[in-house]
Every structure is written in C-alpha cells, then in structure tokens.
Amino acid sequence: MKKLPRLFTFAAPKSFYRLASITVPWLYGIAAAFAIWGLYVGFFVAPVDATQGNSYRIIFIHVPAAWMSMVLYMAMAGWAAFGWAANARLASMMARAIAPTGAAFTFLALWTGAFWGKPTWGAWWVWDARLTSELILLFLYLGFMALVEAIDDVRRADHAGALLAIVGAVNVPIIYFSVRWWNTLHQGSSISMTAAPKMAHTMLLSMLLMTVAFWAYAFAVVFMRARAVVLERESGADWVRALVAKK
Amino acid sequence: MVWNSASDFFAMGGYGLYVWGSYGVTAAWMLLEPVLAARRHAAALRAVADMDDEQG
C-alpha cells in the first residue's frame, strides 16, 4: 500500500528543517520586494500630512512593527502552550525561535515611537497606557528568553517559559485596547475593523505593503533561527548526523 | 512628485533626524538579524560535525 503523507509530517523536526530551508530564500525575496514597493509609495507617492508634516512617514514602519510585536507574542505563547500541552518538541522550539524577533519588533515599535513622539508631542517618552503596556511586552519577551536559557533541562525550561508566556498574553489585548480604555496621549488606531480608514489611500497602501514585508521578514528570520534551534537540540538524532556527514 | 531635490528629500521638511533615526535603526537591525540567525545555524552545524569527529 502506498504511504499517504500524514497531516503532522511537518510537525517532525526533520521535515520542518527541510521545509524551512526551501522557504527561507523565498520569504526574504518577498520581504525585500514588498519593502521596496512600500517605501516607494510611502516616500514618493504619499503626500505630506496636513498637520504632522513629513514626520508622519514614520508610521510606515512604526505601525507594522507594533503589529508584529503583538502578533509574534501571540504566536510565541500559542506554540509554547501547545508544546507544553501536547508534549510537542518542535512547537516549543518555534516559541524559542520567535522570541528574539518579537523582542526586536517591540524595541523597534518603541524606538520609532519615540522618534515620532518627540516632534509630535515634544517628548521622547510618556508613561501613558499604550507606551507602558508595550514596554511591559518587551520585558515579557526578555523574561521568556532569560528564563528558558537559565534552566538546564530543556523540556523543564520549555514548560516554565510556556507558563510565563501564557500569563503574559493578557498584556496583548491591554496594549491593543489601551487607546480606547484610557485617555492616552498616543493617538487612536489608524485602522479599525469597524470603520473606514481615516487616512489617505496612498498612506494606507504603503503601511499595508510594509506590513506584508515585515510578516515575510519575520517568517524568514524565525524559520532560519528555528533551523538552528532544531540542530542544537536534535544533535544526537540520526538524520542530523546524516545531514552533516553528507557535507 | 513630492520632493524638489535630493537635499529636500533628506531634510524631510525639518524632520530628517526623526524620520531617518527611525528608518536607520530599523533597517540596520533587519540587515543584522538574518546574519546573526545564519551564523547561529552555521555554528550548530559545526557543533554536530565536531561531535561526530570526537566519537570517530
């Protein structure tokens, strides 16, 4: 009987390792293409903002970076939880591979926000609900990374990290709704799921193109790091030995 | 066209520091991080190879 491909084929580290090696160059290519397109629209097509002048052009990276910081956290917490609940090693490895990229996007959201806040509000930083909850997100990422590295038994480290990530996930909706729940200096959402966008079409287009670029970039770099994590943790496996022996 | 000249573009209407300060750090990180990830992968491959050598 012919063997059918199984649903969880790519849940095996070996299959994932192969799949990731094929997709990573394509993902980098997509990221570069959309970034060039998005930056072209953002800097050469989108008009000057009536109230903020050219400082508003920071939005094209600020908002996608902030979105990625939240999306990657949910992905990290989800994989960590699944890895714990289903005893799936690859899921826990994915969580570890996501964390540094998520932390980086959180830092970039804060950094670009500071460089936008200074000319707009006159301050690099204010302790308002949006900024403070985003800073807490950065600490959650760093805490997860420090915790899983600090425990020698890898599976115990995965479980401890999963607990931290799940508890910390409550912060993500707080970030998202902070501009509605509290009276923040940070402006309200540029895009809402319930109302038409409040910005010019070309501005919106650039922001969405940059969002696609950031997604593709995040997938590429996380897959690349996940390949390294798989090798580090499966170094005793036969397929890893065979892989190295071939070279 | 939005800009009259290259210097007009780089000045960003007086917001050059803020716009390029944001884009510069973001671009630098997004060029560096893939290199770091690739190096970690290469190091992991080397570690497996070394382990095999030791065991003969």
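Residues numbered from 1 in each chain as written. Chains lettered and ligands numbered in written order. Predicted model: local features only at pLDDT ≥ 70, side-chain atom pairs only at ≥ 80, totals over all residues.

## Examining the overall build of chain A
(1) Moving on: When helices and strands are tallied, chain A shows eight helices and zero strands.
(2) Moving on: Listing every helix and strand of chain A by position from the N terminus yields α-α-α-α-α-α-α-α.
(3) Moving on: Taken along the three principal axes of its C-alpha coordinates, chain A extends 65 × 35 × 35 Å.
(4) Moving on: A total of 247 residues make up chain A; the buried ones form 41% of that total.
(5) Moving on: Here the analysis covers contacts within chain A between residues at least 6 apart in sequence; of these, 77% occur between residues at least 24 apart. (Helix = DSSP H or I, 4+ residues; strand = E, 2+ residues; numbered from the N terminus. Buried ≥ 20, exposed ≤ 12 C-beta atoms within 10 Å, placed from the backbone. Contact = placed C-beta atoms within 7 Å.)

## Here we look at the overall build of chain B
(1) Moving on: The secondary structure content of chain B amounts to two helices and zero strands.
(2) Moving on: Principal axes of the C-alpha set define a box for chain B whose edges measure 70 × 20 × 10 Å.
(3) Moving on: The buried share among the 56 residues of chain B stands at 20%.

## Some thoughts on the interface of chain A and chain B
(1) Moving on: Taken together, the 30 residues of chain A in the interface contact 26 residues of chain B.
(2) Moving on: For the side of chain A that touches chain B, the elements supplying multiple residues, two or more each, are helix 3 (89-121), helix 7 (201-233) and helix 8 (238-246) of chain A.
(3) Moving on: A total of nine residues in the side of chain A that touches chain B trace back to one element, the largest contributor, which is helix 3 of chain A.
(4) Moving on: Of the residues that constitute the side of chain A that touches chain B, the class distribution is 18 nonpolar, six polar and six charged. (Nonpolar A, V, L, I, M, F, W, Y, C, P; charged D, E, K, R; others polar.)

## Section: the packing of helix 4 (residues 129-150) of chain A against helix 6 (residues 171-181) of chain A
Residue and element names in this part refer to chain A.
(1) Moving on: As a packed pair, helix 4 and helix 6 sit with axes 8 Å apart at the nearest point and diverge in direction by 160°. Put simply, helix 4 runs roughly antiparallel to helix 6. Seen along the crossing, helix 4 lies across helix 6 with a hand that is left-handed. Contacts between helix 4 and helix 6 involve A129, R130, S133, E134, I136, L137 and L140 from the first element and N171, I174, I175, S178 and V179 from the second.
(2) Moving on: Considered class by class, the residues forming the contact of helix 4 with helix 6 number seven nonpolar, three polar and two charged. (Axes fitted to C-alpha atoms, helices over the stretch in contact; angles between N-to-C directions. Parallel < 35°, antiparallel > 145°, perpendicular 65-115°, else oblique. Left-handed = near helix turned anticlockwise from the far one by under 90°.)

## Thoughts on unusual backbone geometry
(1) Moving on: The residue N87 of chain A is not glycine, and still its phi comes out positive at about 50°.
(2) Moving on: With a phi angle near 50°, M12 of chain B is a residue other than glycine that sits in the positive phi range.
(3) Moving on: Tracing the sequence through the fold places M12 of chain B in the loop between helix 1 (6-11) and helix 2 (16-55).

## Let's talk about the confidence of the model for chain B
(1) Moving on: Mean pLDDT over chain B: 91, with 95% of residues reaching 70 or higher.
(2) Moving on: Among the scores for the predicted complex, ipTM is 0.92 and pTM is 0.92. (pLDDT = per-residue confidence, 0-100.)

## Considerations on the environment of A80 of chain A
Residue and element names in this part refer to chain A.
(1) Moving on: With respect to the helices and strands, the residue A80 is situated in helix 2 (residues 59-85).
(2) Moving on: As for A80 and L135, which are separated by 55 residues in sequence, their C-alpha atoms are 21 Å apart.
(3) Moving on: Once you skip the residues sitting within four places of it in the chain, A80 turns out to touch S92, A95, G161, A162 and A165.

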